[in-house]
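# Understanding the architecture of this molecule
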Amino acid sequence: MKSSLLTSDHVTLIQQTQMDPHYDAQDVARCDLCEVAIVQSYCDFCHVNLCKPCIGEHISDDYSKKHIIVPFQQRRSTPIYPKCEKHPNKTCKYQCKDCNIFLCTDCLASEQHNKEHKLSKLEEVFHQKKDHIHRDKKELKEELLPVYEEIATEIINQIANLDVDYQKFTTQMSKLREELHREIDNAMDQREKEIDENKLKHLSILSKHLEEIKQLQSLMQESLHNLNEMEESNKVTPTIHYSSKNQEFKRLPLKVLVSMPKFIPKPIEKEELCRFIGKITPLSTTLEERVFTAKKPNTSVRELLDKPEVLNTIKTGHEELRSVTCLNEEEIWTSGDTADIKCFNTQGVLQKTIKSKSGSWPADIAVYSDGALVYSDGSIRTVYKVKNDQTEEIIRLQGWTPIQLCVTSSGDLLVTMYSGDGTQSKVVRYSGSTIKQTIQFDDDGQPLYSGNAYPKFITENRNLDICMADNGAGAVVVVNQAGKLRFRYTGPSSSTKKEPFQPGGITTDSQSRILTADHSNHCIHVLDVDGQFLRYIDNCDLELPTSLCVDNDDSLFVCEFIKGNVRKIRYLK
């Protein structure tokens, strides 16, 4: 519909829009039918923008379609279910988990599909995935992109500083050049001094020899003079006594040979000269793994509920349920006193089962960020990693037995363990199979943890503190990332519970609160980040709670040891 065919309703709507002070012709969405009026509604079936006057015309164009008119702000909120391949007039609202195909109600009513197969509602899966998409979008925008921006800025700053950094090399070389020139000048001056000294010695030798020759010449002149007088004299006596000296003068003086000093320059070998000056190490490039750490949330965002509530109870079938860990917001892993490690969705439907390699029950389980499962086997003192149905041994101990596990935000693995004689306990941090840190003693050399084989559940808080529920000591022991003791919690100052505090499982939430199971008193203690008691969770009919975990939505999962149930609890507003 073009503007020439506008109704009175259209004209009124356009006039109201133009009177709106916030109206901007370039910023508003237009109706797809009249192309003039501002959009107010949306057909979620046809994906068409509509103003109110055009809604009736859009629907009347084709009554066979199931038009879904929603406010424009809620567009694309109605799920569009896939058409059934076997029944074209039907839409599929179910999915078979065993066959991984979509099914309509006619498919379910027919005998062609196995009625024993497990089904999931597409609407529930759709909304779960939508929530996941929303969280991923938020994480990408608010956490991941800023991290990459910081990395890019860091590299830009490195590039900008290259001239300054390399100028330091040039300055250093210039100083060396000046020092070398100065030393060379000093060495050349020394050699020139030696030449002058040799010249003086040479002159002295020749001058002395010349003096000797001149003395002989003087004697010869004197003899010649005497001979001249005697030759002219008639006196007999002097003539008779004359004795010739010519024979003496015929013995010529020794010839003095003085060899000239020589300067023998040392050949300049470029390689040797470079080695003498020094060397510049070659440019090296190494790759260092970056670990994404989520930003610490604002601890004031989510407050504690006055009355926590149980959202769901998952019956695992485990005897003596020992461990639970969150794979994601939709699935959890569990283990108990059998070799079976079971994965359930949060509705309690079994998704997968794997068995421990030795056939013994796992002491504990944990999950890496990539979804790989890790479990400890105390019977053979080994820790295994399971990914894509492949089991890999990553840690094997001698003299120590691994117990509880925790995967940290940096991807390291924390393992609690006790010695072969049961007298010592410690926490060891691993990167893969490599030991990075051992936490065992305080600054006074005293043990941080009780020396026994009692469970010692462990978790990492958002502030990177390492929190252990030391069952044997009746305490929660918290150290910082460096392994320095921060505090011990042994229960509230005034307790209303009958039995002594003996912590079991432990976990932390997005607010950095610490939650620990009180096995004997059938409740959960909630502490703040500094170990101050906040409240109990004791209104959910928990029975012998052990292992705990919290998913990314702060839903709490609690194991009931004897019943073999996992309770999903909402405890935050």
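Source: prediction; values computed, not measured.

Rules of the game
- Starting from 1, residues in each chain are numbered consecutively following that chain's sequence as written.
- Confidence filtering applies because this is a predicted model: local features only for residues at pLDDT of at least 70, side-chain atom pairs given and counted only at 80 or more, and all residues used for totals across whole chains, interfaces and linings.
- For the side-chain quantities, the full set of heavy atoms in the structure was used; hydrogens and water were omitted.
- Think of a salt bridge as a Lys or Arg side-chain nitrogen and an Asp or Glu carboxyl oxygen that are within 4 Å of each other.
- What counts as a helix is a DSSP run of H or I of at least four residues, what counts as a strand is a run of E of at least two, and both are numbered from the N terminus.
- Under the scheme applied here, a residue whose accessible area is under 20% of the maximum for its type counts as buried, over 50% as exposed, and between as partly exposed, the area being computed with a 1.4 Å probe on protein chains only.
- Whether a set of points on the 1 Å grid over the protein atoms alone is a cavity depends on a 1.4 Å probe fitting there but being unable to get out, while an open set qualifies as a pocket with protein on both sides within 12 Å along at least five of seven lines; lining residues are those with an atom within 4 Å of a point.
- Grid points are joined across faces, edges and corners, and a volume is the space filled by probe spheres set on the points.
- Each residue is assigned to one of three groups, with Ala, Val, Leu, Ile, Met, Phe, Trp, Tyr, Cys and Pro labelled nonpolar, Asp, Glu, Lys and Arg labelled charged, and all others, Gly among them, labelled polar.
- Think of a nonpolar core as a cluster: buried Ala, Val, Leu, Ile, Met, Phe, Trp, Tyr and Cys residues, connected wherever their side-chain atoms sit within 4.5 Å.
- It only takes one pair of heavy atoms within 4.5 Å for two residues to be counted as in contact.
- By this rule, a helix spans an expected 1.5 Å times one less than how many residues it contains.
- Fitting one axis to the seven residues ending at a residue and another to the seven starting there, the bend at that residue is the angle between the two axes.
- At least two DSSP bridges between two strands are needed for those strands to be called paired.
- Every axis in this analysis is a line fitted to C-alpha atoms, fitted for helices over the stretch in contact. Angles between the N-to-C directions lie between 0 and 180 degrees.
- Only residues above 30% relative accessible area that lack a salt bridge enter a patch, with like-charged residues linked at up to 9 Å and the nonpolar side chains Val, Leu, Ile, Met, Phe, Trp and Tyr linked at up to 5 Å.
- Calculation of accessible area relied on Shrake-Rupley with a 1.4 Å probe; when residues are assessed, cover is drawn exclusively from the protein chains displayed.
- When charges are counted, neither His nor the chain ends are considered; positive counts come from Lys and Arg and negative counts from Asp and Glu.
- Lysine's charge is taken at NZ, arginine's at CZ, aspartate's at CG and glutamate's at CD.

The next point concerns the pattern of salt bridges. In this structure the tally under the stated criterion is 22 salt bridges. Linking Lys387 and Asp370 is a salt bridge whose minimum nitrogen-to-oxygen distance equals 2.9 Å. One end of the pair, Lys387, is in strand β14 (residues 382-387); the other, Asp370, is in the loop between β12 (364-367) and β13 (373-377), and 17 residues separate them in sequence. Judged by relative accessible area, which is 43%, Asp370 ranks as partly exposed.

Turning to the layout of surface pockets, a few remarks are in order. For the second largest pocket, the calculated volume is near 880 Å³. Lining the second largest pocket we find 21 residues, and of these Leu180, Ile184, Ile268, Leu273 and Phe276 sit closest to its centre. When residues of the lining of the second largest pocket are traced back to their parent elements, those giving at least two are α5 (162-232) and α8 (270-277). For the lining of the second largest pocket, the element with the highest residue contribution is α5, accounting for ten residues. Considering only residue class, the lining of the second largest pocket consists of 14 nonpolar, one polar and six charged.

Our focus in this paragraph is unusual backbone geometry. At Leu464, a position not held by glycine, the phi torsion is positive, near 75 degrees. Relative to the helices and strands, Leu464 is located in the loop between β20 (456-460) and β21 (466-470). Of the residues examined, Leu464 reaches a relative accessible area of 22% and is grouped as partly exposed. One non-glycine residue, Ser512, adopts positive backbone phi at about 65 degrees. Along the chain, Ser512 turns up in the loop between β24 (503-508) and β25 (514-518).

Time to look at the nonpolar core. Within the largest apolar cluster, 16 residues are counted, with the highest numbers of intra-cluster contacts made by Val374, Ile395 and Leu413. Only β15 (390-396), β16 (400-407), β17 (413-419) and β18 (425-431) provide two or more residues apiece to this core. In contact with Ile395, not counting residues within four places along its chain, are Arg381, Thr382, Val383, Leu413, Val415, Tyr430 and Gly432. With 15 residues, the next largest nonpolar core counts Leu542, Leu548, Ile569 and Tyr571 among its residues.

By secondary structure assignment, the location of Glu248 is in helix α7 (residues 246-250). Through-space distance from the C-alpha of Glu248 to that of Pro455 is 122 Å; in sequence the pair is 207 residues apart.

Right, let's get into helix α4 (residues 122-160). Look at α4: 53 Å from first C-alpha to last across 39 residues, which is about the 57 Å you get at 1.5 Å a residue. Where α4 bends most, at Leu140, the angle is about 40 degrees. For α4, every residue scored as buried is listed here: Leu122, Pro146 and Ile151. Here the buried face of α4 lies against β4 (94-96), β5 (101-103) and β6 (119-121).

Our focus in this paragraph is the pairing of β17. Within a regular strand, side chains alternate between the sheet's two faces. Within β17, six of the seven residues are buried, leaving the element largely enclosed by the surrounding structure. Note that β16 and β17 share six bridges and pair antiparallel. Note that in β17 the partner of Leu405 across the bridge is Val415. The turn linking β16 back onto β17 is made up of five residues, and Gly411 within it adopts a positive phi angle of 95 degrees. With six bridges joining them, β17 and β18 adopt antiparallel strand pairing. Looking at the pairing, Leu414 lines up with Arg429 of β18. The antiparallel pairing of β17 with β18 creates a hairpin that spans five residues between the two strands, and Gly422 there sits at a positive phi of about 70 degrees.

This part covers the sheet that holds strand β8 (residues 323-326). Strand order in the open sheet formed by four strands is β8-β9-β10-β11, and the pairing between neighbours is antiparallel. The open sheet is flanked by β8 and β11 (350-355), the only strands paired with a single partner. Each neighbouring strand pair of the sheet contributes to a mean axis angle of 20 degrees, computed without reference to strand direction.

Another aspect to go through is the side chain of Ser120. Position of Ser120 among the secondary structure elements: in strand β6. Filtering out sequence-adjacent residues up to four positions away, Ser120 remains in contact with Lys93, Tyr94, Gln95, Lys97 and Val125.

A word on a positive patch on the surface. Together, Lys66, Lys83, Lys90 and Lys93 make up a region of like positive charge exposed at the surface. As for its position among the elements, Lys93 is in the loop between β3 (69-71) and β4. Relative accessible area serves as the criterion here: at 44%, Lys93 is assigned to the partly exposed category.

Moving on, we come to the sheet that holds β4. Read from one edge of the open sheet, three strands run β5-β4-β6, paired in antiparallel fashion. Each edge of the open sheet is held by one strand with a lone partner, namely β5 and β6. Averaged over all adjacent pairs, the angle separating strand axes in this sheet is 35 degrees, with direction ignored. Pairing of β4 with β6, which is carried by three bridges, proceeds in the antiparallel orientation. Bridged to Cys96 within β6 is Leu119. Its contacts with the sheet place α4 against β4, β5 and β6, and it is angled at close to 60 degrees to β6.

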